[in-house]
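Residues per chain, in single letters:
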Amino acid sequence: MSALKDRLRADLTTAMKARDSLRSSTLRMVLTAVTTAEVSGKEARELSDEDVLAILGKEAKKRREAADAFAEGGRTESAEKERAEADVISDYLPAQLDGAELERIVADAVASTGSAGEGMKAMGKVMGVVQPQVKGRADGGAVAAEVRRQLA
């Protein structure tokens, strides 16, 4: 079993003992998503920490998008709950890159691939170099926007 999944289960037990309903319900949802991923497909398999991190990233993104949708619809209480759940999930994700770090990584990738001056034709090449470096630490949309900005 992955160490991250063990940590999620231990933290769920701790949250239940502390009667922290938000944390325990969020961890239950995440563990359910992990279990669903384990049994999906033709045969059940054990997920690695990297797979669990990918699931956590998807779940956090779902919460952020739902919070935005609720906020647009004027349902501030529901939006706050979704944001709180996203905060709980973010405790288990690697630290996110700030704008300067992302800019530096993209600039290095543009230089290493020799894509400067090629314009948008080189986007796929640059993204292929950048994505493995920022996986789980930056939103894909933000990465693509920075690549577009530097190639333009």
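Keep in mind it's a predicted model, so treat the numbers as computed, not measured.

What counts, and where the lines are drawn
- Residues numbered from 1 in each chain as written.
- Predicted model: local features only at pLDDT ≥ 70, side-chain atom pairs only at ≥ 80, totals over all residues.
- Heavy atoms only, no water.
- Helix = DSSP H or I, 4+ residues; strand = E, 2+ residues; numbered from the N terminus.
- 1 Å grid on protein atoms, 1.4 Å probe; cavity = no way out; pocket = protein on both sides within 12 Å on 5 of 7 lines; lining within 4 Å.
- Points joined across faces, edges and corners; volume = space filled by probe spheres on them.
- Nonpolar A, V, L, I, M, F, W, Y, C, P; charged D, E, K, R; others polar.
- Contact = heavy atoms within 4.5 Å.

## Looking at the environment of A84
Next up, step 1: Mapped onto the fold, A84 is located in helix α4 (residues 76-90).
Next up, step 2: Distance in space between the C-alpha atoms of A84 and R63 is 8.8 Å, their sequence separation being 21 residues.

## A short note on unusual backbone geometry
Next up, step 1: Despite not being glycine, R19 shows a phi value in the positive range, around 60 degrees.
Next up, step 2: The residue R19 is located in the loop between α1 (3-17) and α2 (21-39) in this model.

## What about the layout of surface pockets?
Next up, step 1: Approximately 570 Å³ is the volume attributed to the largest pocket.
Next up, step 2: If you trace the largest pocket, you find 21 residues lining it, with G57, K135, G136, R137 and A138 closest to the centre.
Next up, step 3: Only α3 (49-72), α6 (123-134) and α7 (140-151) provide two or more residues apiece to the lining of the largest pocket.
Next up, step 4: Along the lines of polarity and charge, the residues of the lining of the largest pocket split into 8 nonpolar, 6 polar and 7 charged.

## A closer look at the environment of R45
Next up, step 1: Locating R45 in the fold gives a position in the loop between α2 and α3.
Next up, step 2: Separated by 99 residues in sequence, R45 and A144 place their C-alpha atoms 32 Å apart.
Next up, step 3: Ignoring any residue separated from it by four or fewer positions in sequence, one finds R45 in contact with A37, E38 and D51.

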